[in-house]
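What the coordinates show
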Amino acid sequence: MALKSAALFEKMDPFIKSQGAELVKKINAVYYFEVSKAKGETPEVWTVDLKNGTGSISKGKVGTADATFTMVDDDMIAMAQGKLNPQQAFMQGKMKIKGNMAAATKFTPDLLPKDAKL
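Presented here is a report on the structure given in the accompanying data block. Because the structure is predicted, anything quoted here is derived from the model rather than measured. (Residues numbered from 1 in each chain as written. Predicted model: local features only at pLDDT ≥ 70, side-chain atom pairs only at ≥ 80, totals over all residues. Heavy atoms only, no water.)

**Some words on the pairing of strand S3 (residues 56-59)**
To keep things clear, this is the line we draw: Two strands are counted as paired when DSSP detects at least two bridges linking them. In DSSP terms, a helix is any run of H or I states spanning at least four residues, a strand is any run of E spanning at least two, and both are numbered starting from the N terminus.
In this sheet, S3 lies alongside strand S2 (residues 44-50) in antiparallel orientation, the contact comprising four bridges. Within S3, the position partnered with Thr-47 by the bridge is Ser-58. In this structure, the hairpin formed by S2 and S3 is closed by a connection of five residues, where Gly-53 is found at a positive phi of approximately 55 degrees.

Set out below in structure tokens:
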């Protein structure tokens, strides 16, 4: 069963292609998103590069991440839809963050496509 988040990352691709140069200037970080169907399952990983060139999004780990976000699929979708606040998700243990916390706080839900009809 494919993750619902896969569609979200696919929708991010054209957004990053159109806004990438601006985002790279503003954010200057590489992120890994480790998303699994349920806690404890093997996650699928996406790399969101907002540090190099005009930005990019790729399946799998590409390069070295400044910060890694780990969460389950439903929480990722809730965050993208604005139903889950990232700070609350972190405090409630729904999202784990590894790496540079300053870089992690630069990635906000407004970088996710709003029209994520999933």
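**Concerning unusual backbone geometry**
Where we set the bar: Working definition: with a 1.4 Å probe on protein chains only, accessible area under 20% of the residue-type maximum means buried, over 50% means exposed, and in between means partly exposed.
Of note in this structure, Asn-28 is not a glycine but carries a positive phi near 55 degrees. Classification of Asn-28 as partly exposed rests on a relative accessible area of 43%.

**Notes on the nonpolar core**
Cut-off, in case you're wondering: Buried Ala, Val, Leu, Ile, Met, Phe, Trp, Tyr and Cys residues that are joined via side-chain atoms within 4.5 Å together make up what is termed a nonpolar core. We call two residues in contact whenever any of their non-hydrogen atoms come within 4.5 Å of each other.
Within the largest apolar cluster, 33 residues are counted, with the highest numbers of intra-cluster contacts made by Tyr-31, Val-48 and Phe-107. Secondary-structure elements contributing two or more residues to this core are helix H1 (4-27), strand S1 (29-36), S2, strand S4 (67-72), helix H2 (73-80), strand S5 (95-99) and helix H4 (101-106). With seven residues, H1 is the largest single contributor of residues to this core. In this structure Tyr-31 touches Trp-46, Thr-47, Val-48, Leu-50, Ala-65, Ala-67, Phe-69, Ala-103, Ala-104, Lys-106 and Phe-107, once residues within four positions along its chain are discounted.

**Digging into the side chain of Thr-47**
Along the polypeptide, Thr-47 turns up in strand S2. Relative accessible area serves as the criterion here: at 2%, Thr-47 is assigned to the buried category. Not counting the four nearest positions on each side in its chain, Thr-47 is found in contact with Val-30, Tyr-31, Tyr-32, Ser-56, Ile-57, Ser-58, Gly-60, Lys-61 and Val-62.

**Focus on H1**
How we decide: Multiplying 1.5 Å by the helix residue count minus one yields the expected span of that helix.
The end-to-end C-alpha distance of H1 is 26 Å, clearly below the 34 Å that 24 residues give at a rise of 1.5 Å each. Taken residue by residue, H1 has Ser-5, Ala-6, Leu-8, Phe-9, Met-12, Ile-16, Gly-20, Leu-23, Val-24 and Ile-27 as its buried positions. Of the surrounding secondary structure, the elements contacted by the buried residues of H1 are S1, S2, S3, H2 and H4. A positive phi of about 55 degrees marks Asn-28, the residue just after H1.

**Quick notes on the packing of aromatic side chains**
What counts is decided by this rule: Stacked, edge-to-face and tilted labels apply to pairs of Phe, Tyr and Trp rings (six-membered ring for Trp) whose centres lie within 6.5 Å, assigned for plane angles under 30 degrees, over 60, and everything in between, in that order.
Counting across every chain of the model gives seven aromatic pairs. Each ring, one from Tyr-31 and one from Phe-69, has its centre 5.7 Å from the other, and the planes form 35 degrees; the classification is tilted. Taken together, the residues span a long stretch of sequence, with Tyr-31 in strand S1 and Phe-69 in strand S4 at a distance of 38 residues. Neither Tyr-31 nor Phe-69 differs from the other in exposure class; each is buried. Here the aromatic rings of Phe-69 and Phe-107 are separated by 6.0 Å at their centres, their planes lie at 50 degrees, and the arrangement is tilted.

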